[in-house]
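The chain contents come next:
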Amino acid sequence: MNDRYYIETDFGHGNNAGPKAKKDINLVLSKLGFKKICIKRYKNKYIRALMAKVTWHKALKNIYSSMIVIQYPLYSKRLEKGLVSEFSKKKRNNKFIIFVHDIESLRNEPDNRFKIKQEMHLINSFDYIVCHNQKMKQWLRANGITKTILSLQLFDYIAKDFPETLIDNKNALNYAGNLLKAQFLDKNFTTLPLYIFGTDIGSKINKNYVYKGNFSPEIVPSKILEGFGIVWDGTSALYPNGNAGNYLKYITPHKLSLYLRSGIPVIVWSESAVAPFVKKQKIGFVVDNLKQVDKLIYSMSPDEYSLFRRNALVISAKLQKGYYTCRVISKIEKDGVK
């Protein structure tokens, strides 16, 4: 291939972890020598609709025989359709790689076959598809994806150096994220101190919860210093229910990378897509429900916790270096996209 590019759109700012994974992938690609293509995302939806095809044509018109990385979804159906229209121009011989962050139909309407088919048609337009893990890869195959699919395994996490020292204490829990969305926190499932990070929800916090503040995604890993990180979703502590719980069966949550970047082990649902990874890497506990957590933690030995922590720190170093993004790009290039 002549050259390598990545697409950058306006991700927004603030203490919102949503764009963090996309920003970090672009940062790693930049360090690998990929060139940036900026795509303007017009705020006015009518202008966005009118300019979608023009936007992509201008951005890609002089690019030939190159690798182009796009992160999906773009959160603009017009931009997505405008991009796909560029794929038809095969004379350029470009190869398009999509990093899938969310599958909107699977997340929001997992029983809507029409929506799934629509989204799979779009994703199948790309030459290479990078998804979260093997479970998501299997789901994509089962729903009609025929192109080459690679598993990222974990989202890399670039953060600032830690100013504080980790505390050798297993008897604590941590949850970082959208506290209003995490309704399972309303349930009394632990006697351990639970440190929570995010927007303060005041009276909804149980008595053993300790609110630690709301920090930027680059800073928050340095604030999580002990215990375990909880990867959970839904309204129940007994099992992750509803669409949110179902989605955990297929995704690798960015929250998992956050905790591992902090250097602490994790607690994940036994039916989640990441459960096999957590068990294989020995970086935490796999549970059927959160009410099992106290017994597991109180009964574990200091040596067991130290092993979890050492393994988490090994992965933390990989996440900081962009190991998982670099690995998947290397696999694509070895497949002939050079």
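For the structure itself, look to the data block above.
Residues numbered from 1 in each chain as written. Predicted model: local features only at pLDDT ≥ 70, side-chain atom pairs only at ≥ 80, totals over all residues. Heavy atoms only, no water.

A.B. asks: Looking at this structure, I do not really get helix H5 (residues 113-123). What am I missing?
C.D. replies: The periodicity of an α-helix, 3.6 residues per turn, causes residues three or four places apart in sequence to face the same way. All buried positions along H5 are accounted for by Ile116, Glu119, Met120, Leu122 and Ile123. Down the axis of H5, the buried set is contained in an arc of 155 degrees. They therefore lie on one face. Exposed side chains of H5 directed beyond 90 degrees from the buried face belong to Arg113, Phe114, Lys117 and His121. N-capping of H5 is provided by Asn112, with a side-chain oxygen placed 3.2 Å from the backbone N of Phe114. (Buried < 20%, exposed > 50% of the residue type's maximum accessible area, 1.4 Å probe, protein only. Helix = DSSP H or I, 4+ residues; strand = E, 2+ residues; numbered from the N terminus. Arc of directions from axis to C-beta. Polar contact = N/O pair within 3.5 Å; in protein donor to acceptor, adjacent residues only side chain to side chain.)

A.B. asks: Even after reading the chapter, I still don't get the sheet that holds strand E10 (residues 228-231), so can you show me in this structure?
C.D. replies: Two strands in a sheet stick together by hydrogen bonds in their backbones, pointing the same way (parallel) or opposite ways (antiparallel). Taken in spatial order, the six strands of this open sheet run E9-E8-E7-E10-E11-E12, and their pairing is parallel. Only two strands of the sheet have a single neighbouring strand rather than two, namely strand E9 (209-213) and strand E12 (284-287). Here the strands of the sheet are splayed against their neighbours by 25 degrees on average, with no regard to which way each runs. Taken together, the four bridges between strand E7 (residues 173-176) and strand E8 (residues 194-197) define a ladder with parallel strand orientation. Paired with Ala176 across the strands is Phe197, a residue of E8. Strand contacts of helix H8 (residues 254-262): E7, E10 and strand E11 (266-269), with the helix running at about 130 degrees to E7, the strand carrying the most contacts. (Pairing = 2+ DSSP bridges. Axes fitted to C-alpha atoms, helices over the stretch in contact; angles between N-to-C directions. Contact = heavy atoms within 4.5 Å.)

A.B. asks: Would you explain the environment of Asn178 in this entry?
C.D. replies: Relative to the helices and strands, Asn178 resides in the loop between E7 and E8. Since its relative accessible area comes to 45%, Asn178 is described here as partly exposed. The sequence separation of Asn178 and Gly198 amounts to 20 residues, and the corresponding C-alpha distance is 6.1 Å. For Asn178, the side chain forms a polar contact with the main-chain nitrogen of Leu180, separated by 3.2 Å.

A.B. asks: Teacher, can you tell me more about the packing of helix H11 (residues 302-321) against helix H12 (residues 323-334) here?
C.D. replies: Two quantities define a packed helix pair, namely the angle between the axes and the distance from one axis to the other. H12 packs onto H11 with a crossing angle of 65 degrees between their chain directions and a minimal axis gap of 5 Å. Residues Ile315, Lys318, Leu319 and Lys321 of H11 form the contact with H12, whose own contacting residues are Tyr323, Tyr324 and Cys326. Its residues assigned to classes, the contact of H11 with H12 shows five nonpolar, no polar and two charged. (Nonpolar A, V, L, I, M, F, W, Y, C, P; charged D, E, K, R; others polar.)

A.B. asks: Explain helix H6 (residues 134-142) here, please?
C.D. replies: What H6 keeps buried is the set Met136, Trp139 and Leu140. Buried residues along H6 cover an arc of 100 degrees about the axis, so they all sit on one side. Tucked into the core, H6 has its buried residues touching strand E4 (95-100), helix H4 (104-108), H5, strand E5 (128-131) and strand E6 (148-151). Between the side-chain oxygen of the N-cap and the backbone nitrogen of Lys135 there are 3.0 Å, and the N-cap of H6 in question is Asn133.

A.B. asks: I would appreciate a short explanation of the pattern of salt bridges in the present structure.
C.D. replies: Where charged atoms from two side chains of opposite charge come close, those side chains can pair. Applying the stated criterion across every chain yields a total of eight salt bridges. Taking the shortest distance from any N to any O, the salt bridge between Lys35 and Asp3 comes out at 2.8 Å. In this pair, Lys35 sits in strand E2 (residues 35-38) while Asp3 sits in the segment before strand E1 (4-8), placing the two residues 32 residues apart along the sequence. Judged by its relative accessible area of 41%, Lys35 is partly exposed. Since its relative accessible area comes to 24%, Asp3 is described here as partly exposed. Each of Lys20, Asp24 and Glu218 takes part in salt bridges that share partners, so that together they form one network. (Salt bridge = Lys/Arg side-chain N within 4 Å of Asp/Glu carboxyl O.)

A.B. asks: Sorry if this is basic, but what is going on with empty space enclosed by the protein here?
C.D. replies: Unoccupied space between atoms shows up once a probe the size of one water molecule is rolled over them. Evaluated as defined, the whole model comprises one cavity of 30 Å³ or more. A volume near 30 Å³ is recorded for the largest cavity. Every residue along the wall of the largest cavity is listed here: Ile70, Tyr72, Leu74, Glu80, Leu83, Leu122 and Phe126. Breaking the lining of the largest cavity down by element, the ones donating at least two residues are strand E3 (67-72) and helix H3 (77-87). Residue classes in the lining of the largest cavity are distributed as six nonpolar, no polar and one charged. (1 Å grid on protein atoms, 1.4 Å probe; cavity = no way out; pocket = protein on both sides within 12 Å on 5 of 7 lines; lining within 4 Å. Points joined across faces, edges and corners; volume = space filled by probe spheres on them.)

Taken by themselves, the reported measurements are silent on function.
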